[in-house]
Amino acid sequence: MSNNAKTIRVRLVKSVNSCQERHRISVRALGLRKLNDVRELKDSPSVRGLINQVSYLVKVEEGA
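Below: a short report on this structure. These numbers were taken from a predicted model, which means no experiment stands behind them. (Residues numbered from 1 in each chain as written. Predicted model: local features only at pLDDT ≥ 70, side-chain atom pairs only at ≥ 80, totals over all residues. Heavy atoms only, no water.)

Examining the sheet that holds strand S3 (residues 58-61)
Note on sheets: strands pair through backbone hydrogen bonds, and any given pair is parallel or antiparallel.
So, point 1. One open sheet accounts for three strands, arranged S2-S1-S3; its pairing is antiparallel. Edge strands, defined here as strands with exactly one partner in the open sheet, are strand S2 (38-42) and S3. The mean inter-strand angle of the sheet, taken between neighbouring strand axes irrespective of direction, is 30 degrees.
So, point 2. In this sheet, S3 lies alongside strand S1 (residues 7-12) in antiparallel orientation, the contact comprising four bridges. Along S3, the bridge assignment pairs Leu12 with Val58.
So, point 3. Each of S1, S2 and S3 is contacted by helix H2 (residues 45-53), which is oriented at about 25 degrees to S1, the strand it contacts most. (Pairing = 2+ DSSP bridges. Helix = DSSP H or I, 4+ residues; strand = E, 2+ residues; numbered from the N terminus. Axes fitted to C-alpha atoms, helices over the stretch in contact; angles between N-to-C directions. Contact = heavy atoms within 4.5 Å.)

Shown next as structure tokens:
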């Protein structure tokens, strides 16, 4: 894998209090704990799958 691996920024913008348990687990797997928490992750199919599952809870910034 090259050093130029693309990354994306993921921010938790909505609370996980009233969502499904498996969506809470997905948010936790992305490394997000609190509201407005931001993580910079490698752009991979597995990360994209987690983001797609909880797209209503997170905001994604491309090309970060």
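Now that the structure has been shown, the text picks up again.
Let's talk about unusual backbone geometry
So, point 1. You will see that Asn36, though not glycine, has its phi angle at about 65 degrees, which is positive.
So, point 2. Within the secondary structure, Asn36 sits in the loop between helix H1 (21-29) and S2.

Observations concerning the pattern of salt bridges
Once their charged atoms are close, side chains differing in charge can pair, the charge on each being opposite to the other.
So, point 1. In total, this model carries five salt bridges according to the counting rule given.
So, point 2. Arg9 is the partner of Glu40 in a salt bridge, and the nearest nitrogen-oxygen pair spans 3.3 Å. Placement of the pair is Glu40 in strand S2 and Arg9 in strand S1, with a sequence separation of 31 residues.
So, point 3. Judged by relative accessible area, which is 46%, Glu40 ranks as partly exposed.
So, point 4. Residue classification places Arg9 among the partly exposed positions, given a relative accessible area of 34%.
So, point 5. Close ionic contact of Arg48 with Asp43 constitutes a salt bridge, the shortest N to O distance being 2.8 Å.
So, point 6. On the accessibility criterion, Arg48 (26% relative accessible area) is partly exposed.
So, point 7. Relative accessible area serves as the criterion here: at 30%, Asp43 is assigned to the partly exposed category.
So, point 8. A network of salt bridges, in which partner residues are shared, links Asp43, Arg48 and Glu62. (Salt bridge = Lys/Arg side-chain N within 4 Å of Asp/Glu carboxyl O. Buried < 20%, exposed > 50% of the residue type's maximum accessible area, 1.4 Å probe, protein only.)

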